Amino acid sequence: MALDQAETTTVTTVATGQDHQEDSHHQEAEHDSHGAHDEHHEAPAWTVIPFVLLLLMIATGPLFYEHFWHHHYPKVAVGLATLVISYYIFVLGNTHGPVHAFFEYFQFIALLTGLYVASGGIMINVDREGTPMANTVLLVIGAVVANIIGTTGASMLLIRPFMRLNKGRIKPYHIVFFIFMVSNVGGCLTPIGDPPLFLGFLKGVPFFWTLTHNWDTWAFAIIILAIVFYFYDSKNHENNLESDLEFNAGDDNGGNVSVKTQAGKAVHTGKVTFVGSKNFVWLAVVVVAVFLDPNVFDWVPAINYDGQKMSFLREVIMLSAAFFSFKWANKDALKGNGFNFEPIREVAFIFIGIFGTMMPALELVGNFAKSEAGQALINHNSLYWGTGALSGFLDNAPTYLNFLAAAMASKGADLSNQSEVIAFAAGQMANSAVELTAISVAAVFFGAMTYIGNGPNFMVKSIAEQEGIKMPSFFGYILRFSLPILFPILVVVWVLFFYLQLFG
């Protein structure tokens, strides 16, 4: 949030100086006064306690006090968010942070809701056996699709077909690798793929920059993950042919159709069928609406606040698409998908708490990154690990912006100056292209380290649990999968592409 304050005052000062040169000194005085005012009203370090408490409860609630957590997590999340927001408004006299947090949350939940509901009315059936090779191919396809309709869109569209494909042998590791490959790492090639990359695009990073600079790290990570999953799944395929899990995707509703041979072995047609294809139109509406940003197109209506344009039209379009896609959805597709609103409800409440309580944490990170001590530590290696470590626990979009602002500031550049952003991305400043690559890759890849690292993670987990899959706890996910499987891959990515820069 501190970044937004800096951007706003910079833009206001520049614009005033251009239009009214004679008032420039007066404006600079106001800027200095405003800066001092903001510094005086910064949140103290102890205000991160509600955020840490919320993370701990998300981690321990389902494990140690499941009944309480299941019934009261909305109250806990909203209560802790209200506590921090009230402190900002009534004690610090700071409405800037809460207002920006509200609009960021509004944009976040509108996108997730639109994609979740629109894709929920599309039932994809792959009538073949869920072999290790078929599963691997589907995950790789999902990683590619994530760059076209975003990690959230790809996750919501493909998680149910993936579970149906493995009906009778689905295990938690299937869902975890889906989160790794489709919900996170896959969306590293375009600004549509993941929210932080889209914010970079809005700030001036060229649309195809991510494709030309991230493709090698993306391909390496996806290939390694695919290989690891294939052998992991092959090992379990022979021993886990049957399961007690039942799915709401019967043949009468367009589910997988196969015939039995006399030996009792299923013979699959190998066909891919779609039920509720008209919802692809609503899905496209949500994706196209992403680009209706008032900061890019002046004709897009917006709410002007503190010198910035706050979007609302695209969010209204997304929520409207969600409403009409559900109202006019194919009922067989909804029934076949076992569609309900509980996963998006859970995400909505949990992230109210996260967006509301993480403001002090983001301020502390942003202020340190832009301080002299912080800037002295800035290089592509520290940016990779700093952005990555925080993207696993904080929202990766503002984390991306904070570290990009700090990296540019260390070279005398300003994130609010689009021409300087373009120059930074083009490598016209010392080591700037590799620094931006490190920030971009880390923000996307490390989002898979925890359930809360990226919006789709928690939603995929919730959908899987709705289907009866016993997913690992918050810490179980980290200890059983993230640290032993994903983290070593992230270390190798750093060594090869950033520390040694063998493929730069």
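Scroll up to find the structure.
What counts and how
- Residues numbered from 1 in each chain as written.
- Predicted model: local features only at pLDDT ≥ 70, side-chain atom pairs only at ≥ 80, totals over all residues.
- Heavy atoms only, no water.
- Helix = DSSP H or I, 4+ residues; strand = E, 2+ residues; numbered from the N terminus.
- Buried < 20%, exposed > 50% of the residue type's maximum accessible area, 1.4 Å probe, protein only.
- Contact = heavy atoms within 4.5 Å.
- Areas by Shrake-Rupley, 256 points an atom, 1.4 Å probe, with all protein chains shown as cover.
- Core = buried A, V, L, I, M, F, W, Y, C linked by side-chain atoms within 4.5 Å.
- Expected span 1.5 Å × (residues − 1).

Asker: Break down the overall build of the protein chain for me, citing the residues and quoting the values.
Answerer: Scanning the protein chain from terminus to terminus reveals 21 helices and six strands. By residue count, 55% of the 504 residues in the protein chain fall in the buried class. Once local pairs closer than 6 in sequence are excluded, the contacts in the protein chain between residues at least 24 apart make up 80%. For the protein chain, the exposed surface amounts to about 21,200 Å²; the carbon and sulfur share of it is 64%.

Asker: Would you mind going over the nonpolar core in detail, with residue names and values included?
Answerer: Generally speaking, a soluble globular protein has its nonpolar side chains buried in company with each other. With 137 residues, the main nonpolar core has I175, F180 and Y384 as its most contacted residues. Considering every element that reaches this core, the biggest residue donor is helix α6 (residues 132-165), with 14 residues. Excluding anything up to four places from it in sequence, I175 contacts I159, M163, I170, V460, A464, I469 and M471. In this structure, A43, Y87, L92 and M359 belong to the second largest nonpolar core, which totals seven residues.

Asker: How would you explain the environment of L199 if you had to name every residue and give the values?
Answerer: Residue position: L199 is located in helix α8 (residues 195-203). Residue class for L199 comes out partly exposed when judged on its relative accessible area of 24%. Through-space distance from the C-alpha of L199 to that of Y400 is 8.5 Å; in sequence the pair is 201 residues apart.

Asker: Lay out helix α19 (residues 432-445) with the relevant residues and their values.
Answerer: Every α-helix winds through 3.6 residues per turn, so residues three or four apart in the chain are directed the same way. The end-to-end C-alpha distance of α19, which contains 14 residues, comes to 20 Å, matching closely the 20 Å that a straight helix rising 1.5 Å per residue would cover. Burial of α19 is extensive: 14 of the 14 residues sit out of reach of the surface.

Geometry only, nothing functional implied.
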